[in-house]
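For reference, the chains in residue letters:
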Amino acid sequence: MKSALVPLVLFLLLTGCQREHQPIGDYQYFIPAVVRSPRGSGLEWKTRVVLSNPSGSEVPVRAYRWPPAHRTLETFDVTLASGQTTSIPSLVAPLPAVSSLYVESKQPVGLEVLVESRRKSDLAPLRVPVLHIQDLARPGDTLRIEGLLNDDHYRSHYCFTMPWTEKDGVPYLIRLVMTTGKRHLLTETKTIPGVPLVVADPWQAHGLPPGMPLDLEVTLLGSNRGRKVVHGLWVYGIRQDKATGQSEFLQTRVERGSR
Amino acid sequence: MRRFRYPILLGLGWLVWIWAVALISEQVWPWMMGPHNWSYDVSRRATALTRWDSGWYVAIVESGYQNPPTRVAEQTNHAFFPLYPLIVRAIVKATKMETSVAGNIVSALALLGTLPLLAQFTRRNFGEDEVKPALWLFLLFPTSFFFASVYTESLVLFLSLLAVVALQEKKPVVSAAGAYLAGLTRISGILLAPYLFLLSLEESGRDELKKPRTWIKALVAALPPLAGFGTFCLYYWKRFGDPFLFFTAQHNWADAPKTVWDGPRLIWEAVVTDITTGRILTKSPARTLEGFFFVLFIGLSLYLIVKKRFSHGAYSGMTTGIILASGTLESTGRYVLPAFPAFVALSRLHTRPILWALILTGCAAAQVFYVFVFVHWLWAG
């Protein structure tokens, strides 16, 4: 009877084993927000991701979309000649989903990411911060965003995001703290799904009175599936001027608790 | 040990068959995939036999129970029992295996435990000649693929059969353990309470019915499934402050407010509409088959009662009848799966070889069809 268990144990172990992600180079960038609204959908945003090679030699680059518009579109490979500029096709899941991009290369590359309006040509593009993968929160780290507003002038939202490689570690367990000024409003321990998640109206989502300025603190506790966290989590906040439609990223600060 | 070999080998062969059908189905006509609202993260890694309600179990395994619902039509995972996701979670944590694979393995192992028990149950209650036909019918029944899917059907059946067989073999502790865990697995596990009560009385014999001890013994046999469900309610009470959260979640699952008493009326209205508009033939064969399964299993339950198999007939009838509370017949094919005595009753048709061959062939063909539409997100079951 014991011998009958051997194949089962082997099967369980083999199924559990997974090859770790091997980056193609030492330079790894994370673009926390990439959005796309299909034409004719009534939504206006599109993202332009411009990739350039300032070095004197050609550079292979691989970008990972998370989540992509289709299973076959998860990765995008390109080899940039010296001085060449190209763009990464925005083949990501359409709005209201948001996606992220994770880019690897063997040498430093230039990355410029702009979210543009299809309707308003006078609206300045929203420049998306390009992070280094080490910037992401690891288990024990805390991300802080201040100044989420929802009043006569501004509306704000925030988003949990992670790169493609984290698909095996998600969902994450996080601790979320909301404050206004120095006043504590709530503390929640919750899981977040395995794809970027927008909290479009934080006041409604957390049952808080509208109009109150909010500061957000998110601590990554770890993988809720008991797996290794490969890269980690990022949270960004966006504040939009209601009158002009102009948006800006709020600063996300990282407090390292993992070291 | 030799007696276990046939059911287990048959079960292993069936698992190979059903997975082959599912994996081939997934590759055939991928453009036919129906819409669903699973996140890309989950849908890309879920196995072919992880669809529809499997997603709720995967979510409970990975994230636990969510915040309680606040309104009607807010569907939450409190409508799902905890034992199956708990076992899957333990395997995921121990092996780092993908959640849906772990769910499929738990279901498969529970099925492999179920088949020898079903053989034993059939042998004891209906005779050796009925064992093989019952096993074949059970595995080839059109909706039996749920036994390999990320669903609780195989686990609840394993625990229910364990409770029943152990009771008949005078192993009350094993019976109580199986029944208690069945009450933590699925709503049909609770129906073991009246089943074990009646079965205990039957096992005691007519002459013993006048003794209070016989009735106390039957009551004690009936308590564990209720205790299992009670434990579930206590957990909800402690965690969310509402011991009846399961019922609240079930109630809020519907699009509009309704009670369990509205269920039969809604089903009747749907049946009348389908018949009078001709949709019974044209709208969806799977939907029509659900009505057929309901009538068939109610008929089989009555047959068992007429044959004086009261406890088996009552349990099969209750397991089938519970669908009436839901307000739709659309999951009948899955709800009848724990009604194992009814399967044995139906398998008695094996004495008519041509009819029996037609039944098994038809069932196998329907099973392939069901797996295809399930894998393609076209039918929820």
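Residues numbered from 1 in each chain as written. Chains lettered and ligands numbered in written order. Predicted model: local features only at pLDDT ≥ 70, side-chain atom pairs only at ≥ 80, totals over all residues. Heavy atoms only, no water.

## Description of the domain arrangement of chain A
Residues and elements named next belong to chain A.
Step number 1: Its domain assignment divides chain A into domain 1 (22–134) and domain 2 (136–259).
Step number 2: Opposite the 26 residues of domain 1 that make contact, domain 2 presents 24 residues.
Step number 3: Buried area between domain 1 and domain 2, summed over both chains or domains, comes out near 2000 Å², and the portion from carbon and sulfur atoms is 70%.
Step number 4: If you sort the residues of domain 1 by the area they bury against domain 2, Trp66, Val98 and Leu126 come out on top, with a joint share of 30%.
Step number 5: Applying the counting rule to domain 1 against domain 2 returns zero salt bridges.
Step number 6: Our count for the contact surface shared by domain 1 and domain 2 stands at nine residue pairs in polar contact (both at pLDDT 80 or more).
Step number 7: Listing elements by their share of the side of domain 1 that touches domain 2, those giving two or more residues are strand E1 (27–34), strand E3 (59–66), strand E6 (99–105), strand E8 (126–127) and strand E9 (131–132).
Step number 8: Broken down by element, the side of domain 1 that touches domain 2 gets its largest block of residues, four residues, from E1.
Step number 9: Grouping the amino acids of the side of domain 1 that touches domain 2 by side-chain chemistry returns 17 nonpolar, five polar and four charged. (Domains from an automatic or database assignment. Contact = heavy atoms within 4.5 Å. Buried area = accessible area lost by both parts, 1.4 Å probe. Salt bridge = Lys/Arg side-chain N within 4 Å of Asp/Glu carboxyl O. Polar contact = N/O pair within 3.5 Å; in protein donor to acceptor, adjacent residues only side chain to side chain. Helix = DSSP H or I, 4+ residues; strand = E, 2+ residues; numbered from the N terminus. Nonpolar A, V, L, I, M, F, W, Y, C, P; charged D, E, K, R; others polar.)

## A word on the sheet that holds strand E10 (residues 142–148) of chain A
All names here are of chain A.
Step number 1: Across the sheet, five strands lie side by side as E13-E12-E15-E10-E18; this open sheet has antiparallel pairing. Among the strands making up the open sheet, the edge pair consists of strand E13 (183–192) and strand E18 (252–255). Looking at each pair of strands side by side, their axes are set apart by 20 degrees on average, direction ignored.
Step number 2: Pairing geometry for strand E12 (residues 172–180) and E13, over nine bridges, is antiparallel. Looking at the pairing, Thr180 lines up with Arg183 of E13. (Pairing = 2+ DSSP bridges. Axes fitted to C-alpha atoms, helices over the stretch in contact; angles between N-to-C directions.)

## Side note on the nonpolar core
Step number 1: Of all hydrophobic cores here, the largest spans 102 residues; its most connected members are Phe121, Phe138, Phe145, Leu192 and Phe340 of chain B.
Step number 2: The element contributing the most residues to this core is helix H5 (residues 99–126) of chain B, with 14 residues.
Step number 3: What Phe340 of chain B contacts, discounting residues up to four positions off in sequence, is Leu118, Phe121, Leu157, Ser160, Leu161, Val164, Tyr195 and Tyr315 of chain B.
Step number 4: Ranked by size, the runner-up nonpolar core spans 66 residues in total, among them Phe30, Leu126, Leu214 and Phe249 of chain A. (Core = buried A, V, L, I, M, F, W, Y, C linked by side-chain atoms within 4.5 Å. Buried < 20%, exposed > 50% of the residue type's maximum accessible area, 1.4 Å probe, protein only.)

## Overview of helix H11 (residues 212–240) of chain B
Residue and element names in this part refer to chain B.
Step number 1: The end-to-end C-alpha separation of H11 is 40 Å, in line with the 42 Å expected for 29 residues at 1.5 Å each.
Step number 2: The axis of H11 is deflected most strongly, by about 30 degrees, at Leu223, and proline Pro224 appears within four residues downstream.
Step number 3: Residues Thr214, Ala218, Ala221, Ala222, Pro224, Pro225, Gly228, Phe229, Phe232, Cys233 and Tyr236 constitute the buried set of H11.
Step number 4: Residues of H11 that are buried sit in contact with helix H7 (153–168), helix H8 (172–182), helix H9 (187–190), helix H10 (192–204) and helix H12 (245–253).
Step number 5: Gly241 occupies a position one or two residues after H11 and carries a positive phi of about 80 degrees. (Expected span 1.5 Å × (residues − 1). Bend = angle between axes of the 7 residues up to and from the residue.)

## Quick notes on the packing of aromatic side chains
Step number 1: Under the counting rule described, the total for this entry stands at 50 aromatic pairs over all chains.
Step number 2: Look at Tyr370 of chain B and Trp379 of chain B: their rings are 4.4 Å apart centre to centre, the planes differ by 70 degrees, and that puts the pair in the edge-to-face class. Considered together, Tyr370 of chain B and Trp379 of chain B belong to a single accessibility category, that of buried residues.
Step number 3: One cation-aromatic arrangement involves Lys167 of chain A over Trp164 of chain A; the distance from NZ or CZ to the ring centre is 3.7 Å. (Phe/Tyr/Trp six-rings, centres within 6.5 Å; stacked < 30°, edge-to-face > 60°. Lys NZ or Arg CZ within 6 Å of the ring centre and 35° of its normal.)

## Points about unusual backbone geometry
Step number 1: Residue Pro67 of chain A is reached from Trp66 of chain A by a cis peptide bond, and omega for that bond is -10 degrees.
Step number 2: Looking at where Pro67 of chain A falls in the secondary structure, it is placed in the loop between E3 and strand E4 (75–80).
Step number 3: In this model, Val170 of chain A is joined to Pro171 of chain A through a cis peptide bond whose omega is 5 degrees.
Step number 4: Along the chain, the position of Pro171 of chain A falls in the loop between strand E11 (154–161) and E12.
Step number 5: Phi at Trp52 of chain B takes a positive value of approximately 50 degrees, unusual for a residue other than glycine.
Step number 6: You will see that Lys170 of chain B, though not glycine, has its phi angle at about 60 degrees, which is positive.
Step number 7: One can find Lys170 of chain B in the loop between H7 and H8.

## What about helix H19 (residues 353–375) of chain B?
Each α-helix winds once per 3.6 residues, and so residues spaced three or four apart point in a common direction.
Step number 1: Its 23 residues place the ends of H19 of chain B 33 Å apart at the C-alpha level, agreeing with the 33 Å of an ideal helix rising 1.5 Å per residue.
Step number 2: Looking one or two residues past H19 of chain B, Trp377 of chain B carries a phi angle of roughly 60 degrees, positive in sign.

## Side note on the interface of chain A and chain B
Step number 1: Counting residues at the interface gives 23 residues for chain A, matched by 20 residues for chain B.
Step number 2: Buried area between chain A and chain B, both sides added, is near 1900 Å², and the carbon and sulfur share of it is 57%.
Step number 3: Here chain A and chain B share three salt bridges between them.
Step number 4: Our count for the contact surface shared by chain A and chain B stands at nine residue pairs in polar contact (both at pLDDT 80 or more).
Step number 5: A per-element tally of the side of chain A that touches chain B places helix H1 (residues 2–16) of chain A first, with five residues.
Step number 6: When the residues that make up the side of chain A that touches chain B are grouped by side-chain class, the tally is 10 nonpolar, eight polar and five charged.

## Brief notes about the sheet that holds strand E14 (residues 197–199) of chain A
Residues and elements named next belong to chain A.
Step number 1: Pairing in this open sheet of four strands is antiparallel, and the strands run E14-E11-E16-E17 from one edge to the other. Taken across any chain shown, the strands that pair with only one partner, and hence form the sheet edges, are E14 and strand E17 (247–250). For this sheet the average axis-to-axis angle between neighbouring strands, irrespective of direction, equals 25 degrees.
Step number 2: By the bridge criterion, three bridges tie E11 to E14 in an arrangement that is antiparallel. Note that in E14 the partner of Phe160 across the bridge is Leu197.

## Some details on a nonpolar patch on the surface
Step number 1: Taken together, the side chains of Phe4, Ile8, Leu9 and Leu12 of chain B define a hydrophobic patch exposed on the protein surface, amounting to about 330 Å² of accessible area.
Step number 2: Position of Leu12 of chain B relative to the elements: it lies in helix H1 (residues 2–27). (Patch = residues over 30% accessible without salt bridge, like charges linked within 9 Å, V, L, I, M, F, W, Y side chains within 5 Å. Areas by Shrake-Rupley, 256 points an atom, 1.4 Å probe, with all protein chains shown as cover.)

## A few points about the packing of H5 of chain B against helix H6 (residues 131–140) of chain B
Residues and elements named next belong to chain B.
Step number 1: At a closest axis distance of 9 Å, the pairing of H5 and H6 adopts a crossing angle of 140 degrees. Judged by the inter-axis angle, H5 sits oblique to H6. Considering only the axes of H5 and H6, their crossing is right-handed. Residues Leu111, Thr114, Leu115, Leu118, Ala119, Thr122 and Arg123 of H5 form the contact with H6, whose own contacting residues are Val131, Ala134, Leu135, Phe138 and Leu139. (Parallel < 35°, antiparallel > 145°, perpendicular 65-115°, else oblique. Left-handed = near helix turned anticlockwise from the far one by under 90°.)

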